[in-house]
Amino acid sequence: MSQYSAVPAVISHLTEIPELTYAEIVEDFTSPSVKRPVLHPIVSVGVKEMKMEPITRYRHRISVVMRLTMLFPCGLGDSDISETVYKVSAAFVGRVFHYLLVESVTVNGTEFNSQMYGVKVELDLNMRATENGSDPLETRSESFSVGSVGLDRMPDSITESRAAKSDSAIADSPREITVEGTSSAMATGGSWDALHSLIGSGEEFDFVMPRTERTVRVKGKSIETGGDLCGYGFSYKIVLEEVL
């Protein structure tokens, strides 16, 4: 999964926007020859920055900022330029291009470009991967599950604690295991529903501590989940109680 494969998809989507019907749309590195002054809208597309965070030893999640650099003829009024920028921004928010979801659009750098004799506007598409990327040099993988529910990412944190009862020592008290993390699965159905059903059932199950061979007999105590309205991924906080 390469963020650069999303560039042609973004360019293709730009050609479908009516306000850019007569625009010249190119990738950044192609360096189009541009007449001066700018006679028609020009949009160049390129990856501004990429951030990769490990979620296991062999997998990672990706966020990307893709920049649309737009040049408008000076003859266009401010209202026409603003309307076009709005329409282009609205055409991207919430859409997915090669596993990259556009979460938001930032408009900046609006200025008169004296070299091109046109109005320059920069749009940053703030994107995140809806699926996990794998290290292409690794064939191994790690898996994580809560009972029978498999999750596609290792948890962000696991906390163990014991609370002493008034009539017993701490060592005699059941452990509480708090598991927090995220999943790229849809925030409806599937893993989401399965987690809620498991934790709410009160059933006992074996929980394997990640990257260890320790297995703890537990039952669900509480669960909190949250997902975005687009349905791409969800976060969770699960509290498990040890069964002595």
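Residues numbered from 1 in each chain as written. Predicted model: local features only at pLDDT ≥ 70, side-chain atom pairs only at ≥ 80, totals over all residues. Heavy atoms only, no water.

Looking now at the overall build of the chain. Of the regular secondary structure elements, the chain holds three helices and 14 strands. With 244 residues in all, the chain has 41% of them scored as buried. Across the chain, every contact between residues at least 6 apart in sequence was considered, and the portion connecting residues at least 24 apart equals 61%. Accessible surface, the chain: about 13,300 Å² in total, of which carbon and sulfur atoms supply 49%. (Helix = DSSP H or I, 4+ residues; strand = E, 2+ residues; numbered from the N terminus. Buried < 20%, exposed > 50% of the residue type's maximum accessible area, 1.4 Å probe, protein only. Contact = heavy atoms within 4.5 Å. Areas by Shrake-Rupley, 256 points an atom, 1.4 Å probe, with all protein chains shown as cover.)

All right, on to the packing of aromatic side chains then. Scanning the entire structure with this criterion turns up four aromatic pairs. Relative to Phe234, the ring of Trp192 has its centre 5.4 Å away and its plane inclined at 80 degrees; by these criteria the two rings are edge-to-face. Taken together, the residues Trp192 in helix α3 (residues 190–201) and Phe234 in strand β14 (residues 232–242) connect sequence positions 42 residues apart. Taking relative accessible area as the criterion, Phe234 reaches 3% and is therefore assigned buried. Ring geometry for Phe234 against Tyr236: centres 6.5 Å apart, planes inclined by 55 degrees, an arrangement best described as tilted. Both residues of the pair, Phe234 and Tyr236, count as buried. Aromatic rings pair up to connect Trp192, Phe234 and Tyr236 into one cluster. (Phe/Tyr/Trp six-rings, centres within 6.5 Å; stacked < 30°, edge-to-face > 60°.)

Before going further, it helps to examine the side chain of Thr84. Tracing the backbone shows Thr84 in helix α2 (residues 78–90). Setting aside residues up to four positions removed in sequence, Thr84 forms contacts with Glu19, Leu20 and Phe72.

Spatial strand order, β10-β11-β14-β13-β12: five strands in an open sheet with antiparallel pairing. Each end of this open sheet is capped by a strand with a single partner; those strands are β10 (157–162) and β12 (204–208). Each strand of the sheet is rotated relative to its neighbour by a mean of 40 degrees, with strand direction disregarded. Summarising the sheet, strand β11 (residues 175–186) and β14 pair through nine bridges and their orientation is antiparallel. Bridge pairing in β14 links Ile177 to Leu240. Along the sheet, α3 contacts β11, β12, β13 (215–227) and β14; its crossing angle with β13, the most-contacted strand, is approximately 130 degrees. (Pairing = 2+ DSSP bridges. Axes fitted to C-alpha atoms, helices over the stretch in contact; angles between N-to-C directions.)

Turning our eyes to something else, we now look at α2. For α2, with 13 residues, the first-to-last C-alpha span of 18 Å sits near the 18 Å given by 1.5 Å per residue. Every buried residue of α2 is accounted for by Ile81, Thr84, Val85, Val88 and Ser89. All buried residues of α2 lie within an arc of 130 degrees about the axis, which places them on one face of the element. Opposite the buried face of α2, by more than 90 degrees, sit the exposed residues Ser79 and Tyr86. (Expected span 1.5 Å × (residues − 1). Arc of directions from axis to C-beta.)

With 89% of its residues at a pLDDT of 70 or more, the chain has an overall mean of 85. Put simply, strand β7 (residues 133–134) is where the chain has its lowest mean pLDDT, 80, and β12 is where it has its highest, 94. (pLDDT = per-residue confidence, 0-100.)

What follows deals with the environment of Glu103. By the element assignment, Glu103 lies in strand β5 (residues 100–113). Residue class for Glu103 comes out partly exposed when judged on its relative accessible area of 44%. For Glu103 and Asp228, which are 125 residues apart along the polypeptide, the C-alpha to C-alpha distance reads 9.8 Å.

In total, this model carries 17 salt bridges according to the counting rule given. Within this structure, Lys48, Arg67, Lys120, Glu122 and Asp124 form a network of salt bridges that share partners. (Salt bridge = Lys/Arg side-chain N within 4 Å of Asp/Glu carboxyl O.)

What follows deals with the nonpolar core. Ranked by size, the top nonpolar core spans 31 residues in total, and within it Val10, Leu14, Val45, Leu68, Val88 and Phe92 carry the most contacts. Put simply, the parts of the chain that give this core at least two residues each are α1 (6–14), β2 (42–54), β3 (59–73), α2, β5 and β6 (118–129). Not counting chain neighbours up to four residues away, the residues in contact with Phe92 comprise Val10, His13, Leu14, Ile17, Leu68, Phe97, Val102 and Leu125. Counting residues in hydrophobic clusters, the runner-up holds 21 residues, among them Val146, Val149, Ile177 and Leu198. (Core = buried A, V, L, I, M, F, W, Y, C linked by side-chain atoms within 4.5 Å.)

Looking now at α3. Between the first and last C-alpha of α3 there are 16 Å, a value that for 12 residues agrees with the 16 Å anticipated at 1.5 Å per step. Buried residues belonging to α3 abut β8 (144–146), β9 (149–151), β11, β12, β13 and β14. Gly202 occupies a position one or two residues after α3 and carries a positive phi of about 75 degrees.

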